[in-house]
Amino acid sequence: MLDAISKACRPHGLMVMGASGGRVLVGCDAGFWPVFAASAEYGDGHPNPLDRWSKRIIGAIAGTFGATAAFPSDGPPYAPFIAWAMDTGRFFQSPVGMMVHDTAGMMISIRGALIFDTNPEFPPPHATSPCDTCTRPCLAACPVGALSDTPPYDVPACKAFLETDAGADCMTRGCKVRRACPVSQSFDRPDAQSHFHMKAFHPT
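Residues numbered from 1 in each chain as written. Predicted model: local features only at pLDDT ≥ 70, side-chain atom pairs only at ≥ 80, totals over all residues. Heavy atoms only, no water.

Here we look at the sheet that holds strand E6 (residues 110-115)
Move 1: An order of E1-E2-E6-E3 is seen for the four strands of this open sheet, with the pairing classed as antiparallel. Either end of the sheet is taken by a strand with one partner, and the two such strands are strand E1 (14-20) and strand E3 (68-70). When strand polarity is set aside, the average angle formed by the axes of neighbouring strands in this sheet is 25°.
Move 2: The pairing of E3 with E6 spans three bridges and is antiparallel. Bridge assignment links Ala-69 to a residue of E6, and that residue is Leu-114.
Move 3: Against the sheet, helix H1 (residues 2-9) touches E1, strand E2 (23-28) and E6, its axis set at about 155° to E1. (Pairing = 2+ DSSP bridges. Helix = DSSP H or I, 4+ residues; strand = E, 2+ residues; numbered from the N terminus. Axes fitted to C-alpha atoms, helices over the stretch in contact; angles between N-to-C directions. Contact = heavy atoms within 4.5 Å.)

Looking at the side chain of Arg-111
Move 1: Position of Arg-111 among the secondary structure elements: in strand E6.
Move 2: Using a relative accessible area of 10% as the deciding quantity, one classes Arg-111 as buried.
Move 3: Filtering out sequence-adjacent residues up to four positions away, Arg-111 remains in contact with Leu-14, Val-26, Gly-27, Cys-28, Leu-50, Asp-51, Ser-54, Ile-58, Phe-71 and Pro-72. (Buried < 20%, exposed > 50% of the residue type's maximum accessible area, 1.4 Å probe, protein only.)

Here's what the structure looks like:
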């Protein structure tokens, strides 16, 4: 089943990021941005274009497989997507507190989940944390030390830096900590996509 779901996701720039407990997590693949940037939602000028696109596309995929779609933006109450991700065995806690994925690194964008009533058995992953064999450049990457191996994440310091001239690189190319991850670098997310996410995180 996972192969069939992956095949259905691929034309939309989406991928199966993990599966467990009757849930399949769907997120952005490296080819996502050109697909989304050409969509009606991206160009219509209305709020929350990515959430609306995700609901249209993933909702249709869920229907194809007889599943119910769930989305991180739905709530409150919000579905426990972080716990679901960790349950799949393909997401891990990084040294800076962010999740890291076995193939996407820290460039994680989970767009939705397919929920199956029948609770199908999914094959266990053969993934290990990429941090286990990494030199961990993420630890020294943040210019203001907003992320470190001692949480919590200093959101005010991060956002204050983004408003400075020095913070323009993070705003336009994405978080330096995420970019420092070697697995993230191999995932090849376009700067335009990172800029889109950063504007959603810190509108200016």
